[in-house]
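Each chain is listed here by its residues.
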Amino acid sequence: MKRPSSGALQNLRDVDHPASPLHSCSSERMKRGGGRDSDHNSSEEGTAEKSKKLRTTNEHSQTCDWGNLLQDIILQVFKYLPLLDRAHASQVCRNWNQVFHMPDLWRCFEFELNQPATSYLKATHPELIKQIIKRHSNHLQYVSFKVDSSKESAEAACDILSQLVNCSLKTLGLISTARPSFMDLPKSHFISALTVVFVNSKSLSSLKIDDTPVDDPSLKVLVANNSDTLKLLKMSSCPHVSPAGVLCVADRCHGLRELALNYHLLSDELLLALSSEKHVRLEHLRIDVVSENPGQTHFHAIQKSSWDAFIRHSPKVNLVMYFFLYEEEFDPFFRYEIPATHLYFGRSVSKDVLGRVGMTCPRLVELVVCANGLRPLDEELIRIAERCKNLSAIGLGECEVSCSAFVEFVKMCGGRLSQLSIMEEVLIPDQKYSLEQIHWEVSKHLGRVWFPDMMPTW
């Protein structure tokens with residue numbers, strides 16, 4: 001039998017309708033049991049079944065009206081789209097355009113401000129920024145600015161901030177994707193734009209202003225308007241802030257749970273203020289200890305009694321310390337017990353300092369050493385394993401450790417080492433273990449398969 005044409009298929013769509021003459025004729029022939037007619041009828045029934053499925057599919061596609069989807073569904077889809085794609089989608093129909101302007105879609109927004117000459121990243125289109133300021137500034141609540149290294153981008157961010165007079169932000173983040181360009185602006189210009197947000201928001205809970213010219217008076221404005229709501233403050237590398245400015249924040253913002261700052265802003269008075277009965281228990285304290293010019297930066301010492309008071313008040317706090325010092329500048333540190341939980345050494349650190357870490361940091365959870373030199377760290381690692389019972393992550397870069405000492409270290413720490421990142425070049429074969437053997441031995445003590453990291457060869 002020949003394959004039916006498209007026109008025939010169209011005509012067969014009604015073959016299963018009760019009033020169809022063809023259906024009645026086919027039924028009558030089936031009753032008679034005609035041989036050739038029976039084969040013909042079977043073929044027709046198969047075609048009819050296919051036609052029925054095709055008709056059902058067409059009917060489904062006709063009843064699925066994308067323009068009339070529930071706005072809640074469209075809203076969830078729009079939240080996953082980049083801004084430009086979202087703007088294009090809003091032109092599909094009136095319903096989608098209404099969703100595009102719903103307040104829920106504009107509560108969280110990230111401004112990307114880049115200059116083509118200095119960045120390969122896409123930037124938020126200026127016309128879209130104008131529309132956001134004009135129609136949605138009062139809807140914004142969670143806002144961040146990603147700014148490249150150009151002064152023009154930083155100025156554009158300040159221009160937007162100064163126009164947010166009708167908003168009530170809950171979070172604000174100023175993020176420099178390269179060199180901190182906010183520092184190139186006149187301080188008064190930056191402070192003027194930032195205080196617009198501080199004064200009008202009234203409910204800021206999270207503020208990230210690292211590498212900016214924020215100063216003590218602007219922090220007082222922040223505290224005067226947002227002291228009851230501020231929970232997170234990150235302001236590392238803010239040279240115009242003094243210890244007194246940070247102390248003002250700690251004295252007034254009793255709900256503060258996370259704080260990040262440079263070591264020169266850390267003081268005994270600040271730790272005692274964070275330990276007062278009025279203050280909630282701090283959950284995360286990050287301290288950046290940075291030296292740009294060797295021998296020209298003086299690092300003060302924090303009294304042990306201040307650390308003790310701090311840890312009594314917040315016994316579960318994560319104290320994270322990043323060190324970018326030269327070897328001769330470590331003298332004030334690790335002379336007595338401190339409650340550090342995470343230590344990162346970005347420059348070369350001596351055996352002596354790492355030995356003191358094992359003696360003075362019993363709460364240590366994570367240790368990363370980028371470089372040490374050419375003297376093996378066998379004794380220092382064993383001491384850290386003995387004294388730091390909570391250690392669960394370690395990373396070693398340009399260091400040296402004998403294979404035997406490393407196996408002993410892993411054996412002492414056991415399965416609690418959830419992260420073990422060691423470059424293959426760190427491990428020195430000895431009489432007991434070769435590089436091939438250490439893989440199996442370490443895996444046995446960890447309870448999982450482990451291999452040392454390999455240096456890329458590109």
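Values in this document were obtained by computation on a predicted structure and should not be read as measured data.

**Here we look at the sheet that holds strand β8 (residues 318–324)**
One open sheet accounts for twelve strands, arranged β1-β2-β3-β4-β5-β6-β7-β8-β9-β10-β11-β13; its pairing is parallel. The open sheet terminates on both sides in strands that have one partner only, identified here as β1 (108–113) and β13 (419–422). Taking each pair of neighbouring strands and ignoring which way they run, the sheet shows an average axis angle of 10 degrees. Relative to strand β2 (residues 142–147), β1 runs parallel, the two sharing six bridges. Of the residues in β2, the one forming a bridge with Phe109 is Val143.

**Here we look at helix α9 (residues 187–201)**
Here α9 contains 15 residues, and its C-alpha end-to-end distance of 21 Å stays within 8% of the 21 Å for a straight helix at 1.5 Å per residue. Inspection of α9 places Phe190, Ile191, Ala193, Leu194, Thr195, Val196, Val197, Phe198 and Ser201 among the buried residues, and these make up the whole buried set. In the core, the buried residues of α9 are packed alongside α8 (151–162), β3 (171–176), β4 (206–208) and α10 (216–226). Of the residues trailing α9, Lys202 is marked for its positive phi of about 70 degrees.

**Focus: the packing of helix α16 (residues 403–413) against helix α17 (residues 435–446)**
Any two packed helices are characterised by the angle at which their axes cross and by the distance between the axes. At a minimum axis distance of 9 Å, the contact between α16 and α17 shows a crossing angle of 10 degrees. Our classification of the angle between α16 and α17 gives roughly parallel. On α17, the residues touching Cys403, Phe406, Val407, Val410 and Lys411 of α16 are Leu435, Ile438, Glu441, Val442, His445 and Leu446. Grouping the constituent residues of the contact of α16 with α17 by class yields eight nonpolar, one polar and two charged.

**Description of the confidence of the model for the chain**
Predicted confidence across the chain gives a mean pLDDT of 84, with 84% of residues reaching 70 or more. For residues 1–36, every residue scores under 50 in pLDDT, and the model assigns this stretch 30 contacts once sequence neighbours within four places are set aside.

**A few points about the nonpolar core**
Generally speaking, nonpolar side chains in soluble globular proteins are found buried as a group. Phe145, Leu172, Phe334, Leu343 and Phe345 are the most contacted members of the largest nonpolar core, which has 126 residues in total. Looking at which element gives the most residues to this core, the answer is α16, with seven residues. Shared between two domains, this core holds at least three residues of each, these being domain 1 (70–105) and domain 2 (340–457). In this structure, Leu343 is in contact with Met321, Phe323, Phe334, Val357, Cys361, Leu364, Glu366, Leu367 and Val368, ignoring residues within four places of it in sequence.

**Re the state of the cysteines**
Tallied over the entire structure, the rule returns zero disulfides. Summary of cysteine pairing: Cys361 is not part of a disulfide, and the nearest cysteine sulfur, belonging to Cys388, is at 6.6 Å. We classify Cys361 as buried; its relative accessible area is 0%.

**Some points on the packing of aromatic side chains**
Tallied over the entire structure, the rule returns 18 aromatic pairs. Aromatic side chains Trp307 and Phe310 sit 6.2 Å apart centroid to centroid with 65 degrees between the ring planes, which places their arrangement in the edge-to-face category. Here Phe310 and Trp307 lie together in helix α13 (residues 304–313), a separation of three residues that amounts to about one turn. Accessibility assignment for this pair places Trp307 and Phe310 in one class, buried. Aromatic rings pair up to connect Tyr263, Phe299, Phe323, Phe330, Phe333, Phe334 and Phe345 into one cluster. Directly above the ring of Tyr326 sits Arg347, whose terminal nitrogen or CZ lies 4.5 Å from the centroid.

**Considering the pattern of salt bridges**
Taken as a whole and judged by the stated rule, the model has twelve salt bridges. Among the ionic pairs, Asp352 bridges to Arg356, the shortest N-O distance being 2.7 Å. Residue Asp352 and its partner Arg356 are both found in helix α14 (residues 351–360); the two are separated by four residues, about one turn of the helix. Asp352 gets classed as partly exposed once you look at its relative accessible area, which sits at 48%.

**Topic: the pairing of strand β6 (residues 258–262)**
Counting buried residues along β6, four of its five residues qualify, which places the element largely inside the surrounding structure. Sheet topology places strand β5 (residues 232–234) next to β6; three bridges connect them, and they run parallel. In the sheet register, Leu233 faces β6, and the bridge partner there is Leu259. The parallel pair β5 and β6 is bridged by helix α11 (residues 243–252), and the resulting crossover is right-handed. Looking at chain direction, β6 and strand β7 (residues 284–290) are connected through five bridges and run parallel. Bridge assignment links Asn262 to a residue of β7, and that residue is Asp288. Handedness of the crossover joining β6 and β7 through helix α12 (residues 268–274): right-handed.

Conventions adopted
Residues numbered from 1 in each chain as written. Predicted model: local features only at pLDDT ≥ 70, side-chain atom pairs only at ≥ 80, totals over all residues. Heavy atoms only, no water. Pairing = 2+ DSSP bridges. Helix = DSSP H or I, 4+ residues; strand = E, 2+ residues; numbered from the N terminus. Axes fitted to C-alpha atoms, helices over the stretch in contact; angles between N-to-C directions. Expected span 1.5 Å × (residues − 1). Buried < 20%, exposed > 50% of the residue type's maximum accessible area, 1.4 Å probe, protein only. Contact = heavy atoms within 4.5 Å. Parallel < 35°, antiparallel > 145°, perpendicular 65-115°, else oblique. Nonpolar A, V, L, I, M, F, W, Y, C, P; charged D, E, K, R; others polar. pLDDT = per-residue confidence, 0-100. Core = buried A, V, L, I, M, F, W, Y, C linked by side-chain atoms within 4.5 Å. Domains from an automatic or database assignment. Disulfide = S-S within 2.5 Å. Phe/Tyr/Trp six-rings, centres within 6.5 Å; stacked < 30°, edge-to-face > 60°. Lys NZ or Arg CZ within 6 Å of the ring centre and 35° of its normal. Salt bridge = Lys/Arg side-chain N within 4 Å of Asp/Glu carboxyl O. Right-handed = clockwise from strand over helix to strand, strands pointing away.

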